[in-house]
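# Summary of structural features
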Amino acid sequence: MRGGRQIDNAELAPSPADGTKRRIYGIDLFRGALALLVILGHFAELTERHHFLTWFGYGFRMPLFIGLTGYLFNLGHARSISPTALLQKYYGRLILPWIAACAIALVITGSLEWISPIYTIVRPPYHLWFVPVMLSFMLTAQSCKLSPAMLLAAAIPLSIGAMYLFGVGHDVWQFGPWTPDRRYFIYPIYFALGVWVAQRGATTSRDYLLLMVALAGLLWWARLYQHPSTAAEAAAELLLCVPLIVLFPRLRGITFDIPLVRAIGRDSLFFYLWHPFAFALWATAGLSGVPLLVLAMVSMVIAWAAIGRVPLLSGVMGVRPTVPPTRVVPSTVAETAAAKRAI
């Protein structure tokens, strides 16, 4: 916290000597890697839903995504505005693309009904749960007025209890169709932890202990593929994900760059929302296996680059518009006069 404002850890780094700004790449790289893992996970579901690799990703992909969203959420600013203003802030960058994706999904599946606007919030189709769940966490954190530590303390029993009740699988089979998506209940702990870590700042020098705990959770989770247990899966997921979220401040220290992965991270919403449609498109053309994955990814990248050049379309699809070239402004009176004479 600086002056009561929670710093977005993906903001620009301090200015170097030449006065330019450098963006810290670690957040975008990590977010891009998570987005790619989600895409690969959904591809694995298409090929063999009950394969080990399909199940393996359930244990960390979205919990880390949720934690990262909490880590980047500016709680101080959110509490300085109204809930309506918060929704307006996220309308263009989050809500509108989600509405577009939901509408297309409902039309394609033939499930568009008068009750759909409500039902898509209560039980969003397939992967589209992420946006309403995250917005519910943001609005709750904004309105409850608890400190990040108390917010986390309240989220811990709620989430752990829900994990043992619902499990950490994809669906809530034991309840009726109007039961809200289980992720409203099992994921608050990761969001609140991310908010708390952002306030707490850098971790200690004993980060290797956190990595060891996370590795133990990863190995335990992998073993549970052959030995399923609701209680053990919840414990293993927590053991794996909590230490990694605590280590998020270390992402700021990443110095290398992979431009494509970083670009995917900055526009992760576009790739998250629309990749299942790319899979469906190429699958209807008769493709499967690796060719399906390759063509879906290539077409997504091409579409992303093209959509960024169309401002009206980019806002609907969740793509940041391509930044126009910066116009050089004359810095002296003489340069200004020369520019006028040249006109």
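Here is a short report on the structure shown in this document. Values in this document were obtained by computation on a predicted structure and should not be read as measured data.

Take the layout of surface pockets next. The volume enclosed by the second largest pocket comes to roughly 680 Å³. Every residue lining the second largest pocket is counted, 33 residues in all, and those nearest its centre are Pro124, Pro125, Tyr126, His127 and Leu128. Elements that contribute at least two residues to the lining of the second largest pocket include exactly helix H1 (25-47), helix H3 (61-72), helix H5 (83-109), helix H6 (116-122) and helix H14 (268-284). A class-by-class count of the residues in the lining of the second largest pocket yields 18 nonpolar, seven polar and eight charged.

The end-to-end C-alpha distance of helix H8 (residues 148-166), which contains 19 residues, comes to 26 Å, matching closely the 27 Å that a straight helix rising 1.5 Å per residue would cover. In H8, a bend of some 25° at alanine 155 exceeds every other bend along the element, and proline 157, a proline, comes one to four places later. Within H8, burial applies to Pro148, Leu151, Leu152, Ala155, Ser159, Ala162, Met163 and Phe166. Against the buried residues of H8 lie helix H4 (75-78), helix H7 (130-144), helix H9 (183-186), helix H10 (188-200) and helix H12 (230-246).

Right, let's talk about the pattern of salt bridges for a bit. Scanning all chains against the criterion turns up six salt bridges. A salt bridge links aspartate 181 to arginine 183, with the nearest nitrogen and oxygen atoms 2.7 Å apart. Residue aspartate 181 is classed as buried on the basis of its relative accessible area, which comes to 4%. Here the residues in one salt-bridge network are Asp28, Arg31 and Arg266, joined through shared partners.

All right, on to a nonpolar patch on the surface then. A contiguous nonpolar patch, built from Val290, Val294, Val298 and Ile302 and spanning about 350 Å² of accessible area, is present on the exposed surface. As for its placement among the helices and strands, valine 294 is situated in helix H15 (residues 289-307).

Tallied over the entire structure, the rule returns 18 aromatic pairs. Aromatic side chains tryptophan 129 and tyrosine 187 sit 5.7 Å apart centroid to centroid with 40° between the ring planes, which places their arrangement in the tilted category. A residue pair is termed long-range when its members are at least 10 positions apart, and tryptophan 129 in the loop between H6 and H7 and tyrosine 187 in the loop between H9 and H10 qualify at 58 residues. With relative accessibility at 4%, the residue tryptophan 129 sits in the buried group. Taking the relative accessible area as the measure of exposure, tyrosine 187 reaches 4% and is therefore buried. Summarising the aromatic geometry, the rings of phenylalanine 271 and tryptophan 304 are spaced 5.9 Å apart at their centres and angled 50° between planes, so their arrangement reads as tilted. Here phenylalanine 271, found in helix H14, pairs with tryptophan 304, found in helix H15; they are 33 residues apart in sequence, far enough to count as distant. By the burial criterion, phenylalanine 271 is buried, and tryptophan 304 matches it. Among the aromatic residues, those joined into a ring-pair cluster are Phe65, Trp129, Phe130, Tyr187, Tyr190 and Tyr272. When the ring centre of tyrosine 187 is taken as reference, the NZ or CZ atom of arginine 182 above it lies at 6.0 Å.

On to the nonpolar core, then. Grouped together as the largest cluster of nonpolar side chains are 90 residues, with contacts concentrated most on Ile66, Phe73, Phe130, Tyr190, Phe191, Phe270 and Trp274. Not counting the four nearest positions on each side in its chain, phenylalanine 270 is found in contact with Met300, Ala303, Trp304, Ile307, Met317, Gly318 and Val319.

Time to look at the environment of leucine 240. Tracing the backbone shows leucine 240 in helix H12. For leucine 240, a relative accessible area of 4% puts it in the buried group. A C-alpha to C-alpha distance of 9.4 Å links leucine 240 and methionine 212, two positions 28 residues apart in sequence. Sequence-distant contacts of leucine 240, that is, excluding residues within four places in its chain, are made with Gly59, Phe60, Ala214, Gly217 and Leu218.

How each quantity is defined
- Residues numbered from 1 in each chain as written.
- Predicted model: local features only at pLDDT ≥ 70, side-chain atom pairs only at ≥ 80, totals over all residues.
- Heavy atoms only, no water.
- 1 Å grid on protein atoms, 1.4 Å probe; cavity = no way out; pocket = protein on both sides within 12 Å on 5 of 7 lines; lining within 4 Å.
- Points joined across faces, edges and corners; volume = space filled by probe spheres on them.
- Helix = DSSP H or I, 4+ residues; strand = E, 2+ residues; numbered from the N terminus.
- Nonpolar A, V, L, I, M, F, W, Y, C, P; charged D, E, K, R; others polar.
- Expected span 1.5 Å × (residues − 1).
- Bend = angle between axes of the 7 residues up to and from the residue.
- Buried < 20%, exposed > 50% of the residue type's maximum accessible area, 1.4 Å probe, protein only.
- Contact = heavy atoms within 4.5 Å.
- Salt bridge = Lys/Arg side-chain N within 4 Å of Asp/Glu carboxyl O.
- Patch = residues over 30% accessible without salt bridge, like charges linked within 9 Å, V, L, I, M, F, W, Y side chains within 5 Å.
- Areas by Shrake-Rupley, 256 points an atom, 1.4 Å probe, with all protein chains shown as cover.
- Phe/Tyr/Trp six-rings, centres within 6.5 Å; stacked < 30°, edge-to-face > 60°.
- Lys NZ or Arg CZ within 6 Å of the ring centre and 35° of its normal.
- Core = buried A, V, L, I, M, F, W, Y, C linked by side-chain atoms within 4.5 Å.

So yeah, pure geometry; function would need other evidence.
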